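Spelled out, the chains give:
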Amino acid sequence: MDWASPPAPTRRMAPTHFVGARHARERRASTTLAPLNQHGGRFMLLSSRPGYCALRRGRASCPGAAYLITTITRERTPVFRHFPAGCAAARCFENPMLLRDSHMLAWVLMPDHAHWLIQLGEVDSLAALVNRLKSSSSRMAGKCAGTESSIWLAGFHDHGLRAEEDLLGVARYIVANPLRAGLVRRVGDYPFWNAVWL
């Protein structure tokens, strides 16, 4: 991606789909929930639970729309405290072969989770793109961390940004995660983040 001339993000109306608290109320009897995430929602342990396929069918993918994606590591293990594993995963987030015609507008890799601000292209659905990013980063980081098992928890949280939401404000929120977590005193001191607005 050419950082000197970032893609002009289009701001289209996109549906919000939250795999979390709303569905937890509906499926409480048959689903085990993970701890609260930092956005106040819950991540569901989806892959082996009844209704997982139905939840995925409800996820909308609108080409050109911007999505805030959050994915967490299995058991919230801080895999990315291991610097080489973090570097390997971060390289995947900006790999044009993985993104295809989608654009990574901003991202941060925390020790046990990642946030991505993605403008979806025409080629892939949101789920296909996220799964490709997670699969590749899991393989690459796993080699560095000495594990062959999947690093990421199945599923992810997505929020389709509405037209009135400020992309730059969401990007600032994403890259300020290490500050809020107390990992660094300045954003520039944290190694695992980027944004097209730089």
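The notes below deal with the structure included here. Every value quoted in this text rests on a predicted model; they were computed, and no experiment measured them.

With respect to the secondary-structure elements, Arg132 resides in helix α5 (residues 126–145). Those residues in contact with Arg132, other than ones at most four positions away along the chain, are Leu98, Arg100 and Asp124.

This part covers the packing of aromatic side chains. Here the structure, examined in full by the defined rule, presents 5 aromatic pairs. Relative to Trp152, the ring of Phe80 lies with its centre 5.3 Å away and its plane at 35°, an arrangement referred to as tilted. Remark: Trp152 occurs in the loop between α5 and β6 (157–160) and Phe80 occurs in the loop between β3 (66–72) and α3 (83–93); sequence separation between them is 72 residues. On the accessibility criterion, Phe80 (3% relative accessible area) is buried. For the pair Phe93 and Trp107, a centre-to-centre distance of 5.3 Å together with 75° between the ring planes defines the contact as edge-to-face.

In this structure, Phe80, Phe93, Leu109, Trp116 and Leu117 are the most contacted members of the largest nonpolar core, which totals 45 residues. With 6 residues, the top contributor of residues to this core is strand β4 (residues 103–109). Leave out the neighbours within four places in its chain, and Phe80 touches Thr73, Ala85, Gly86, Ala89, Leu109, Met110, Pro111, Ala141, Ile151, Trp152 and Phe192.

Reading the values: the criteria
- Residues numbered from 1 in each chain as written.
- Predicted model: local features only at pLDDT ≥ 70, side-chain atom pairs only at ≥ 80, totals over all residues.
- Heavy atoms only, no water.
- Helix = DSSP H or I, 4+ residues; strand = E, 2+ residues; numbered from the N terminus.
- Contact = heavy atoms within 4.5 Å.
- Phe/Tyr/Trp six-rings, centres within 6.5 Å; stacked < 30°, edge-to-face > 60°.
- Buried < 20%, exposed > 50% of the residue type's maximum accessible area, 1.4 Å probe, protein only.
- Core = buried A, V, L, I, M, F, W, Y, C linked by side-chain atoms within 4.5 Å.

Don't take any of this as a statement about function, it's just geometry.
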